[in-house]
Amino acid sequence: MKPVLSALPLVLLSPALTAQPGLGVHEHGVGRLSLALQEQHLVLELMAPAADIVGFEYHPVTDDEQARYRAGLERLQQADALFTLPAAAGCRLERVALAEQEPHSEHEHEHEHEHEHEHDNGEGDEHQAGHNDILVHYAYHCEQPQALQRLDLALFETFSSFNRIELQAILPTGQLAATLTPEQPQAHW
């Protein structure tokens with residue numbers, strides 16, 4: 001029965017994500033954070049351009065690229081270094097899961113900022129696979145979920161290329177949407 005309950009917040013999260021226009025747009029410096037709280041189960045889901053996590057978006061080829069890729073993914077799995085929840089809520093991280101994402105093709109990709117691609121100069125043809133996102137799920141069990149009334153992000157310190165995180169949340173009290181920035185890294189509800 002526990003796996004079914006743990007999956008409920010993810011099921012509840014899907015309609016909120018599909019109802020928001022533009023959430024699938026790949027934009028460097030912008031992450032998408034979804035939050036669902038049901039009973040004692042808290043699920044966070046972070047989707048971010050690979051460039052903001054590892055410094056590039058193509059499949060790592062060289063030893064240096066493979067090391068940078070592994071280091072970025074390892075930092076993503078350190079939830080305590082990325083998110084701070086109120087101690088009174090008694091939230092305990094139960095699981096972190098990385099999910100593979102398909103690359104976005106150039107014609108699907110909508111840049112909302114000025115961006116020069118490293119492969120525009122014709123070098124590194126093996127790096128022209130597209131724009132990859134990294135998706136990470138964080139599952140918590142909270143002893144006192146009623147005390148969970150805020151989220152602080154240290155994500156901006158860990159991954160300095162982020163300039164904003166778009167938060168979508170489903171809470172027992174309703175839905176929440178917020179834009180978090182390095183200057184304002186907290187969400188309250």
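Let me begin by describing the structure that accompanies this report. On a predicted model such as this, the values are computed, not experimentally measured, just so you know.

Observations regarding the environment of alanine 50
- For alanine 50, the location among the structural elements is in helix α2 (residues 50-54).
- By relative accessible area, alanine 50 is classed as buried at 4%.
- Placed 85 residues apart in sequence, alanine 50 and leucine 135 show a C-alpha to C-alpha distance of 9.3 Å.
- Dropping the residues within four chain positions of it, alanine 50 is found in contact with Gly55, Phe56, Glu57, Asn132, Asp133 and Ile134.

A word on helix α3 (residues 63-76)
- The terminal C-alpha atoms of α3, which comprises 14 residues, lie 20 Å apart, in line with the 20 Å expected from a rise of 1.5 Å per residue.
- Looking at α3, one finds that the buried residues are Glu65, Gly72, Leu73 and Leu76. The arc enclosing the buried residues of α3, seen along the axis, measures out at 95°, which places them on a common side. Turned more than 90 degrees away from the buried face of α3 sit Asp63 and Glu74, all of them exposed.
- Tucked inside the fold, the buried residues of α3 contact β2 (41-49), α2, α4 (79-82), β4 (91-99) and β5 (133-142).

Points about the packing of aromatic side chains
- Counted by the stated rule, this structure contains 3 aromatic pairs.
- Note on phenylalanine 83 and tyrosine 138: the rings are 5.0 Å apart at their centroids and 75° apart in plane angle, and the pair reads as edge-to-face. Pair noted here: phenylalanine 83 is in strand β3 (residues 83-84) and tyrosine 138 is in strand β5, with a separation of 55 residues, a long-range link. An identical accessibility class is assigned to phenylalanine 83 and tyrosine 138; each is buried.
- For the pair phenylalanine 159 and phenylalanine 162, a centre-to-centre distance of 6.4 Å together with 90° between the ring planes defines the contact as edge-to-face.

Observations regarding the pattern of salt bridges
- This model, assessed by the stated rule, comprises 6 salt bridges.
- One salt bridge connects glutamate 27 with arginine 164, and the closest N-O pair in it is separated by 3.3 Å. One end of the pair, glutamate 27, is in the loop between α1 (2-18) and β1 (30-38); the other, arginine 164, is in strand β7 (residues 164-171), with 137 residues separating them in the sequence.
- Take arginine 164: its relative accessible area is 22%, and that puts it in the partly exposed class.
- When the shortest N-O distance is used, the salt bridge between glutamate 143 and arginine 92 registers 4.0 Å. Taken as a pair, glutamate 143 in the loop between β5 and β6 (150-153) and arginine 92 in strand β4 lie far apart in primary sequence, 51 residues in all.
- Note on glutamate 143: relative accessible area 42%, which makes it partly exposed.
- Via salt bridges that share partners, Glu27, Arg164 and Glu166 belong to a single interconnected network.

Re unusual backbone geometry
- In this structure, glutamate 39 is a non-glycine residue whose phi angle is positive, near 50°.
- Relative to the helices and strands, glutamate 39 resides in the loop between β1 and β2.

Observations regarding the sheet that holds β4
- Here 6 strands make up an open sheet; going across it, the order is β4-β5-β2-β1-β7-β8 and the pairing mixed. Each having just a single partner strand, β4 and β8 (174-180) make up the two edges of the open sheet. Ignoring strand direction, the axes of neighbouring strands in this sheet form an average angle of 15°.
- For β4 and β5, the ladder comprises 8 bridges, and the chain directions are antiparallel. Bridge assignment links arginine 95 to a residue of β5, and that residue is alanine 139.
- In the packing of α3 onto the sheet, contacts are made with β2, β4 and β5, and the angle to β5 comes to roughly 25°.

Basis of the calculations
Residues numbered from 1 in each chain as written. Predicted model: local features only at pLDDT ≥ 70, side-chain atom pairs only at ≥ 80, totals over all residues. Heavy atoms only, no water. Helix = DSSP H or I, 4+ residues; strand = E, 2+ residues; numbered from the N terminus. Buried < 20%, exposed > 50% of the residue type's maximum accessible area, 1.4 Å probe, protein only. Contact = heavy atoms within 4.5 Å. Expected span 1.5 Å × (residues − 1). Arc of directions from axis to C-beta. Phe/Tyr/Trp six-rings, centres within 6.5 Å; stacked < 30°, edge-to-face > 60°. Salt bridge = Lys/Arg side-chain N within 4 Å of Asp/Glu carboxyl O. Pairing = 2+ DSSP bridges. Axes fitted to C-alpha atoms, helices over the stretch in contact; angles between N-to-C directions.

No statement about biological role is implied by the geometric values presented.
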